[in-house]
Amino acid sequence: MEGSGEQPSPQPPHPGDHCIHDGDFVVLKREDVFKAVQVQRRKKVTFEKQWFYLDNVIGHSYGTTFEVTNGGSLQPKKKKEEPTSETKEAGTDNRNIIDDGKSQKLTQDDIKALKDKGIKGEEIVQQLIENSTTFRDKTEFAQDKYIKKKKKKYEAIVTILKPSTRILSIMYYAREPGKINHMRYDTLAQMLTLGNIRAGNKMIVMETCSGLVLGAMMERMGGFGSIIQLYPGDGPVRVATACFGFPKSFFSGLYEFPLNKVDSLLNGTFSAEMLPSEPQDSMSAQESNGTLEEQQTSAQDPEDSVAEGMESRPPEGQEAMEVVSQEPEYKQPRERGSKKDYIQEKQRRQEEQRKRHVEAAALLSERNADGLIVASRFHPTPLLLALLDFVAPSRPFVVYCQYKEPLLECYTKLRERGGVINLRLSETWLRNYQVLPDRSHPKLLMSGGGGYLLSGLTVVLDSLRADAGLRATASALDSPKTTEPAAKKQKCTESGS
C-alpha cells in the first residue's frame, strides 16, 4: 500500500510494563475467585483460607501462576504435560459405582500427615487417584471432574493478574455487589459503549459505585481528556479506582465537584467562598477505618484515592479488597514534624483542593461536556434533569439504576421536558456457557439481573416551541370535540293540519 512507509510505526510497549513491581496493584485469581491487593514486601496476604507473602512475585510477568510452599512463600509453578486421552483407562459408564465412602484407601489422618511432611498438592492428588478403587471405572468426563475437584481442594496455586475493568467488575459483582449497586460487568460495558467514552473527551460522571465506573472511564480514556466527578457528602469514594493502579498522569485530568453546589452553579451564584473551608480528602473515611494515610499529596494523587471510602469492617465470609497498608513513613504529620508544619501543610492542601474545585466549576460552566454518566443509589430524575444543562448538544448520556421504575419516571420527565432524542430503556440478559470438548452447554446458574440503562442524545432545547407543542398536545387530549364527531341534526317535516 502506497504511503504506508511514511507513517510512524507504533512503539513496542516497554518490557517493564508487563512485570510486577513493588507497590503495584494486582489481582489474585484462583479458579473463579478474585481479590485485589497491593504488592508490598513482607506483607502477609490471606486468600481463600491461605496466607502467603508476595515478595517472590516481584519481577515476574503478569499472568504467572505460583504455588504456595511452606512458610508462605510463592514459587512459580512449572507446567506439566497432561496425559493424552489414549493413555487413560476409563469405563463406559458409572452405573456400577456406589458412593459408599469406602472407595478411598487414604484417610484424613494420612492426608494430614502428607501435608505435614511438605508434600505438594499435586503429589497428594496423584496419591488420591492411585488409592481410589473406583477411579478407573469412571468415565473420562467423571475422571476429569474428580481431578479438578481434588486439585481445587489440595493444590495451593495463585495466578497474578493485571487489574482491568472486566476483572474488577467481575470481582466486585461476585464478592460485594452492594457496593457497586449490583451493576453487572456486561451492563458496565454497555454504559461505556453508549456513553461513547474515548480519549480526548470531556466527561461528567456521578456515581456511587466505589469508583468502579470512574476507573473504567479513566482506563478507556487512557489519560487523555478530562473527567469531572460529582460527589455527594464530604468527598468522592475511589476505592475501586485505586485498584486499577493508574499512574499519576491519569489523575491530572480528573476533577471533583460537590453535588450540593450544582444548583448555585446553574443559577450563576457560585463563588469560591461557598466551598467548604476544611479539606475533604477522605479524612473521615480513613479515620473510620483506623488508618490515616499521608495527607501531603495532592487531591489527584492516587495515594489519596487509595483509602477513600474504605469500609471499617468487611462482611463475614468475605475478604475485603486490601488496598493499602500502614507503612512507617505514612504516619500522622504530627508524629513527623511540629504542629506548625502540620498546620501549614493542611492549609496548602486546603488551598490546592479549593483550586481544583474552582477549575472544575469553570469546566462545568462552559456547558460543553461530551457526555454524561449517572450510576448512583439516588433517584436519577432530579440528577439527570440538573446535569443535562452542562452537556453540549448531540452528545450521549447514560443513566444506570438497579430498578426499572425510577428510570420509567425519568423517561417520562425527559419526554415532557424535551431536548433529548433516541431515548431507550434497556436491560441486558447474560448467561454463561461451559465450553469443553463434547460438553459445551449453558450453565445452570445464571444472574437474575444486572440493572437497567436509560440512554439518549441531547439536542438544542427550544423552550418556547416545546411549551407550545406541549400545550397543543394537552389541549388536543383534553378536548372531546377533536375525538368524537358532533351529532348530526335531523330535519323534522311538519305535517299539514
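As a convention, each chain's residues are numbered from 1 in the sequence order in which they are written. Two thresholds apply to this predicted model, a pLDDT of at least 70 for residue-level local features and 80 or more for giving and counting side-chain atom pairs, whereas whole-chain, interface and lining totals are computed over all residues. Side-chain measures here rest on the full set of heavy atoms in the structure, leaving out hydrogens and waters.

K.L.:
Break down the overall build of the chain for me, with residues and values.
P.N.:
Secondary structure follows DSSP: runs of H or I at least 4 residues long count as helices, runs of E at least 2 residues long count as strands, and numbering of each begins at the N terminus. Summing up its helical and strand segments, the chain has 15 helices and 16 strands in all. Across the 497 residues in the chain, those meeting the buried criterion constitute 41%. The contacts in the chain between residues at least 6 apart in sequence include a share of 71% that link residues at least 24 apart. For the accessible areas, the method is Shrake-Rupley and the probe is 1.4 Å, while residue cover comes only from the protein chains on display. For the chain, the exposed area adds up to about 28,900 Å²; of that, 50% sits on carbon and sulfur atoms. To sort residues, take the accessible area from a 1.4 Å probe on protein chains only and compare it with the maximum for the residue type: under 20% means buried, over 50% means exposed, and anything in between is partly exposed. Contacts are residue-level and defined by heavy atoms, with any inter-residue pair within 4.5 Å sufficient.

K.L.:
With reference to specific residues and values, describe the nonpolar core.
P.N.:
Working definition of a nonpolar core: buried Ala, Val, Leu, Ile, Met, Phe, Trp, Tyr and Cys residues. They are joined through side-chain atoms within 4.5 Å. Counting residues in each nonpolar core, the largest one holds 37 residues, and the members touching the most others are Leu168, Met183, Met191, Val213, Met217, Ile227 and Ile373. When contributions to this core are tallied by element, the ones reaching two or more residues are strand S2 (33-38), helix H4 (165-175), helix H5 (185-194), strand S8 (202-207), helix H6 (212-221), helix H7 (239-243), strand S11 (371-375) and strand S12 (396-401). Per element, the largest residue contribution to this core is seven residues, and it comes from H6. When residues no more than four places from it in sequence are discounted, the contact partners of Ile227 are Met203, Val205, Leu214, Met217, Met218, Met221, Gly253, Leu254 and Tyr255. Formed by 32 residues, the second largest nonpolar core is a distinct cluster that contains Ala369, Val374, Leu387 and Cys410.

K.L.:
I'd like to hear about the state of the cysteines, residue by residue, with values.
P.N.:
In this description, a disulfide is simply a cysteine sulfur pair whose atoms lie within 2.5 Å. Applying the stated criterion across every chain yields a total of zero disulfides. Cys401 provides the cysteine sulfur closest to Cys410, a residue in no disulfide bond, and the two sulfurs are 9.4 Å apart.

K.L.:
Describe the packing of aromatic side chains, listing the residues and the values that go with them.
P.N.:
Here the aromatic set is Phe, Tyr and Trp, taking the six-membered ring for Trp, and pairing holds for ring centres within 6.5 Å; pairs whose planes are under 30 degrees apart are stacked, those over 60 apart are edge-to-face, and all others are tilted. Scanning the model with the defined rule gives four aromatic pairs in all. Pairing Trp51 with Tyr53 gives two aromatic rings, centres 5.8 Å apart and planes at 85°, and the pair type is edge-to-face. Looking at Tyr53, the relative accessible area reads 16%, which means it is buried. A connected cluster of aromatic rings, assembled from ring pairs, spans Phe244, Phe246 and Phe250. Note that Arg42 overlies the ring of Tyr53, its terminal NZ or CZ placed 4.1 Å from the centroid. Between the NZ or CZ atom of Lys44 and the centre of the ring of Trp51, over which it lies, the distance is 4.6 Å. Geometrically, a charge over a ring is one whose NZ (Lys) or CZ (Arg) sits within 6 Å of the ring centre while staying within 35 degrees of the ring normal.

K.L.:
Explain helix H12 (residues 339-365) residue by residue, including any values.
P.N.:
By this rule, a helix spans an expected 1.5 Å times one less than how many residues it contains. With 27 residues, H12 should cover 39 Å at 1.5 Å per step; its first-to-last C-alpha distance of 39 Å lies within 8% of that length. For H12, every residue scored as buried is listed here: Tyr342, Glu345, Arg349, Gln353, Arg354, Arg356, His357, Ala360, Ala361, Leu363 and Leu364. Directly after H12, the chain includes Arg367, whose backbone phi takes a positive value near 55°.

K.L.:
Tell me about the pairing of S11, residues and numbers included.
P.N.:
Extensive coverage of S11 is indicated by the burial of five of its five residues. Neither face of S11 is left uncovered, since the one carrying Gly371, Ile373 and Ala375 and the one carrying Leu372 and Val374 both have all their residues buried. A strand pair is defined by DSSP finding two or more bridges across the two strands. One ladder, built from four bridges, connects S11 with S12; its direction is parallel. Its bridge partner being in S12, Ile373 is matched across the sheet by Val398. Handedness of a crossover is defined as follows: with both strands directed away from the viewer, a clockwise route from the first strand across the helix to the second makes it right-handed. Handedness of the crossover joining S11 and S12 through helix H13 (residues 380-387): right-handed.

K.L.:
Describe the confidence of the model for the chain, listing the residues and the values that go with them.
P.N.:
One rule of thumb: low pLDDT means the predicted coordinates there are not for detailed reading. pLDDT is a per-residue confidence score from the predictor, ranging from 0 to 100. Averaged over all residues, the pLDDT of the chain equals 77, while 74% of them reach at least 70. The least confident element of the chain, judged by mean pLDDT, is helix H9 (residues 283-289) at 35; the most confident is S12 at 96. Considering only residues more than four positions removed or in separate chains, one finds that residues 1-16, a stretch of pLDDT under 50, has two contacts. Scored below 50 in pLDDT, residues 279-335 makes 121 contacts in the model with residues more than four places away or belonging to other chains.

K.L.:
Give me the lowdown on the pattern of salt bridges, citing residues and values where you can.
P.N.:
Should a side-chain nitrogen of Lys or Arg be within 4 Å of a carboxyl oxygen of Asp or Glu, the pair is scored as a salt bridge. Here the structure, examined in full by the defined rule, presents 11 salt bridges. Measuring nitrogen to oxygen at the nearest pair gives 3.8 Å for the salt bridge that ties Arg41 to Asp22. Note that Arg41 is positioned in the loop between S2 and strand S3 (44-47) and Asp22 in the segment before strand S1 (25-30), a separation of 19 residues in sequence. Close ionic contact of Arg417 with Asp389 constitutes a salt bridge, the shortest N to O distance being 3.4 Å. Of the two residues, Arg417 is situated in helix H14 (residues 405-417) and Asp389 in the loop between H13 and S12; the sequence distance between them amounts to 28 residues.

K.L.:
How would you sum up the sheet that holds S11? Please name residues and give values.
P.N.:
Here we have seven strands laid out as an open sheet, ordered S10-S9-S8-S11-S12-S16-S13, and mixed in their pairing. A strand with exactly one partner marks an edge of an open sheet, and here the two such strands are strand S10 (254-258) and strand S13 (420-426). Strand-to-strand twist of the sheet, defined as the mean angle between neighbouring strand axes without regard to direction, takes the value 15°. Taken together, the five bridges between S8 and S11 define a ladder with parallel strand orientation. Its bridge partner lying in S11, Ile204 is registered against Leu372. Here an angle of 0 to 180 degrees is reported between the N-to-C directions of two axes, which are lines fitted to C-alpha atoms, with helices fitted over the stretch in contact. Helix-sheet contacts for H12 involve S8, strand S9 (226-231) and S10, and the interaxial angle to S10 is about 90°.

K.L.:
Hey, could you go over the sheet that holds S1 for me, with residue numbers and the actual values?
P.N.:
In sheet architecture, strand pairing relies on hydrogen bonds along the backbone and comes in two forms, parallel and antiparallel. Strand order across the open sheet formed by five strands is S2-S1-S7-S5-S6, with antiparallel pairing between neighbours. Each having just a single partner strand, S2 and strand S6 (74-76) make up the two edges of the open sheet. Going across the sheet, the axis of each strand differs from the next one's by a mean of 35°, ignoring polarity. Strand direction decides the pairing type here: strand S5 (residues 65-68) and strand S7 (residues 157-161), joined by three bridges, are antiparallel. By the bridge assignment for S7, Glu67 is matched with Ile157. On top of the sheet, H4 reaches S1, S2 and S7; it is set at about 115° to S2, its chief contact.

K.L.:
An account of the packing of helix H1 (residues 108-116) against helix H2 (residues 121-130) is needed here, citing residue identities and associated values.
P.N.:
Put simply, H1 and H2 touch, their axes get as near as 10 Å, and they point 150° apart. Judged on the interaxial angle alone, H2 and H1 are roughly antiparallel. Viewed along their axes, H1 and H2 form a crossing whose handedness is right-handed. Counting all contacts with H1, which are made through Ile111, Leu114 and Lys115, the residues of H2 involved are Ile124, Gln127 and Leu128. Gly is put with the polar residues, along with every residue not named as nonpolar or charged; the nonpolar set is Ala, Val, Leu, Ile, Met, Phe, Trp, Tyr, Cys and Pro, and the charged set is Asp, Glu, Lys and Arg. Looking at the contact of H1 with H2 residue by residue, the class counts come to four nonpolar, one polar and one charged. An angle below 35 degrees is read as roughly parallel, one above 145 as roughly antiparallel, one from 65 to 115 as roughly perpendicular, and any other as oblique. Rotating anticlockwise by less than a right angle from the far helix to the near helix defines a left-handed crossing, while the corresponding clockwise rotation defines a right-handed one.

K.L.:
Describe in detail a positive patch on the surface, supporting the description with residues and values.
P.N.:
Think of a patch as exposed residues, more than 30% relative accessible area, with no salt bridge, where like charges cluster within 9 Å and nonpolar side chains (Val, Leu, Ile, Met, Phe, Trp, Tyr) cluster within 5 Å. Asp and Glu are treated as the negative residues and Lys and Arg as the positive ones, with His and the ends of the chain left uncounted. Throughout, a charge is located at the NZ atom of Lys, the CZ atom of Arg, the CG atom of Asp or the CD atom of Glu. Positive charge collects at one region of the surface, where Lys115, Lys145, Lys149 and Lys153 lie side by side. Of the residues forming the positive patch, the biggest block, three residues, is contributed by helix H3 (residues 140-154). You can see Lys145 is positioned in helix H3.

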